[in-house]
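# Report on the structure
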Amino acid sequence: MSLEKVCIIGSGNWGSAVAKLIGTNTQRHGNLFESSVRQWVFEEKVNGENLTDIINREHENIKYLQGIKLPENIVAVPSVVDACKDATLVVFVVPHQFVRGVCEQMKGHLAPNARAISLIKGLEITSSGTRLFSEEIERILNVPCAALSGANIADEVAKEKFCESTIGCPNVQDGELFYRLFDTDYFRINVIQDHVGVQLCGALKNVVAGKNIMTLYPPPQTQPLPLSLSLFLLVGAGFTDGLGYGSNTKAAIIRRGLMEMRKFGQMFFGDMVQTETFFESCGAADLITTCSGGRNRKVAEAFVTTGKPIDVLEKELLNGQKLQGTLSAAEVHEFLSARNMTAEFPLFNTVYRIVFENAPVECIVRDI
Ligand SMILES: NC(=O)C1=CN([C@@H]2O[C@H](COP(=O)(O)OP(=O)(O)OC[C@H]3O[C@@H](n4cnc5c(N)ncnc54)[C@H](O)[C@@H]3O)[C@@H](O)[C@H]2O)C=CC1
Ligand SMILES: O=C(CO)COP(=O)(O)O
């Protein structure tokens, strides 16, 4: 049996934490995987030097995951084509707004039997409906694509603090292989077959995209409007933190948010999503951790306490990391209002009004 050749597409905060897991496991399971793992790094200068050169010399991504050593079998590669050439297992972990452009460059370069897994938290909403990133990857690259999502704040995973995660993979054999690629004693994987539910959960707690994001990263004209739903809940939790409310209030936001997530799944995905999936790490657990410690929550809290715009705070607080949310509140609102459904999602709607219509932040508890 030939060994699987793994490549990682992405090298941000989560991409780097995941590189540590994968680098360790490809060495641990030498009967399954080639040890050397290529990681595509979006090249940039850090202290006047190429980030890829720093990673390959220091074995540390000093910009996106400072202080964590990466296994030496992780090789940073600045060209996405070189990184993915002949790969048989491809791990996608880029901010959602870059997926399409990156996939287009990878076309024709993977091994014929390649399989992919998406760690991206986001969702596209097109004029004709919703699309998962696994579907987008399958559509462009013609490879089957599973999904991994969970209560996984990258810095904590990188420091080896115990957590769980969920892999959704319809093919049982591939699910077993991905389990071997990610599972460790501090990062415990549960594999289920509902890859739709796994991605929907990750997307719905982390809202992104739409017109503003499209202005920053315009897609080719023929491509659908990317519009992922997720950050609302985190923004809501960040607002209540900014107001100085307590744990009870946040729990109420989380509960209401979970209800709206389930409702969205039922309305737009129907039987494709299993209710049990919301009780996996990718569901309620991810909602809880991100509403406690995520970047979106942090920026939303600062939005209340400083009064500064979200995009300014993203630059000031995140050092190049991307919020998978904020700006799309308007487009999510647009999507729901086009269907006369905003009243059915009161939490989503209230967050929109606070961010874009200057409604008082207190509405987050008064109007839901
Ligand atoms: N950070 C976290 O704790 C977690 C993140 N995720 C998800 O993982 C995905 C990736 O996020 P992170 O690794 O955290 O990224 P990040 O937000 O930390 O970093 C941004 C990344 O985008 C790259 N980039 C900047 N401009 C680019 C361009 N024009 N084209 C391509 N890449 C560009 C940067 O080089 C950097 O690698 C997201 O969907 C996120 O929701 C999932 C679980 C945990
Ligand atoms: O998805 C995450 C944890 O599971 C990270 O969320 P943030 O992007 O808000 O940091």
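These figures come from a predicted structure and were not determined experimentally. (Residues numbered from 1 in each chain as written. Chains lettered and ligands numbered in written order. Predicted model: local features only at pLDDT ≥ 70, side-chain atom pairs only at ≥ 80, totals over all residues.)

### Quick notes on the pairing of strand 1 (residues 6–9)
The side chains of a regular strand alternate between the sheet's two faces. Here strand 1 shows two buried faces, one formed by Val 6 and Ile 8 and the other by Cys 7 and Ile 9. In this sheet, strand 6 (residues 89–92) lies alongside strand 1 in parallel orientation, the contact comprising 4 bridges. Along strand 6, the bridge assignment pairs Ile 9 with Phe 92. Relative to strand 2 (residues 37–40), strand 1 is paired through 3 bridges, and the arrangement is parallel. (Buried ≥ 20, exposed ≤ 12 C-beta atoms within 10 Å, placed from the backbone. Helix = DSSP H or I, 4+ residues; strand = E, 2+ residues; numbered from the N terminus. Pairing = 2+ DSSP bridges.)

### Looking at the site of ligand 1
Near ligand 1 there are 24 residues, and of these Gly 12, Asn 13, Trp 14, Phe 42 and Ala 154 occur at the shortest range. No other element matches the 3 residues that helix 1 (residues 13–28) contributes to the shell around ligand 1. Classifying every residue of the shell around ligand 1 by side-chain character gives 11 nonpolar, 11 polar and 2 charged. The residue makeup of the shell around ligand 1 includes at least three contributed by each of domain 1 (6–195) and domain 2 (204–366). (Near = placed C-beta within 6 Å. Nonpolar A, V, L, I, M, F, W, Y, C, P; charged D, E, K, R; others polar. Domains from an automatic or database assignment.)

### Overview of the sheet that holds strand 1
Taking strand neighbours across the sheet as the criterion, the 8 strands line up as 5-2-1-6-7-10-11-12 in an open arrangement whose pairing is mixed. Only two strands of the sheet have a single neighbouring strand rather than two, namely strand 5 (74–77) and strand 12 (187–192). Recorded for the sheet is a direction-independent mean angle of 25° between the axes of neighbouring strands. Note: strand 11 (residues 163–168) against strand 12, 6 bridges, orientation parallel. (Axes fitted to C-alpha atoms, helices over the stretch in contact; angles between N-to-C directions.)

### Observations concerning the packing of helix 13 (residues 295–306) against helix 14 (residues 310–318)
Between two packed helices, what matters for the description is the angle formed by their axes and the separation of those axes. The interhelical angle for the contact between helix 13 and helix 14, taken along N-to-C directions, is 120°, at an axis separation of 10 Å. The angle between the axes of helix 13 and helix 14 places the two elements in the oblique class. Classified by chirality, the crossing of helix 14 by helix 13 is right-handed. Note on element contacts: helix 14 touches helix 13 through Ile 310, Leu 313, Glu 314, Leu 317 and Leu 318, opposite Arg 295, Lys 298, Val 299, Ala 302 and Phe 303. (Parallel < 35°, antiparallel > 145°, perpendicular 65-115°, else oblique. Left-handed = near helix turned anticlockwise from the far one by under 90°. Contact = placed C-beta atoms within 7 Å.)

### Some words on the nonpolar core
Of all hydrophobic cores here, the largest spans 71 residues; its most connected members are Ile 8, Ile 9, Val 18, Val 90, Val 91, Phe 92 and Val 93. Once you skip the residues sitting within four places of it in the chain, Val 91 turns out to touch Val 6, Ile 8, Ile 9, Val 18, Ile 22, Ile 117 and Leu 119. Core analysis: the next-biggest nonpolar cluster, separate from the first, contains 17 residues, Ala 300, Ala 302, Leu 347 and Ile 354 among them. (Core = buried A, V, L, I, M, F, W, Y, C linked by C-beta atoms within 7 Å.)

### Some details on the environment of Ala 154
The topology assignment puts Ala 154 in helix 6 (residues 154–158). Along the sequence, Ala 154 and Gly 294 sit 140 residues apart, while their C-alpha atoms lie 9.4 Å from each other. Residues contacting Ala 154, with those up to four places away along its chain left out, are Asn 13, Trp 14, Ala 17 and Leu 65.

### Some points on helix 13
Taking 1.5 Å of rise per residue, the 12 residues of helix 13 would be expected to cover 16 Å, and the 16 Å separating its terminal C-alpha atoms lies within 8% of that figure. Considered for burial, the residues of helix 13 that qualify are Arg 295, Asn 296, Arg 297, Val 299, Ala 300, Glu 301, Ala 302 and Phe 303. Directly beyond the C-terminal end of helix 13, a positive phi value near 75° is found at Gly 307. (Expected span 1.5 Å × (residues − 1).)

### Focus: unusual backbone geometry
The backbone of Glu 160 sits at a positive phi, close to 65°, despite the residue not being glycine. Summarising the element assignment, Glu 160 is placed in the loop between helix 6 and strand 11. Look at Asn 340: it is not a glycine, yet its phi comes out positive at around 55°. With respect to the element layout, Asn 340 can be found in the loop between helix 15 (329–338) and helix 16 (346–356).

### Regarding helix 2 (residues 51–58)
Of all the residues in helix 2, the buried ones are Leu 51, Thr 52 and Ile 55. Seen end-on, helix 2 carries its buried residues on one side only, within an arc spanning 100°. Opposite the buried face of helix 2, at more than 90 degrees from it, the exposed residues are Arg 57 and Glu 58. Following helix 2 by one or two positions, His 59 adopts a phi angle in the positive range, close to 55°. (Arc of directions from axis to C-beta.)

### Focus: the confidence of the model for the chain
Predicted confidence across the chain gives a mean pLDDT of 85, with 87% of residues reaching 70 or more. Scored below 50 in pLDDT, residues 206–231 shows 88 contacts in the model against residues more than four places distant or in partner chains. Across the whole predicted complex the pTM is 0.90, and at the interface the ipTM reaches 0.99. (pLDDT = per-residue confidence, 0-100.)

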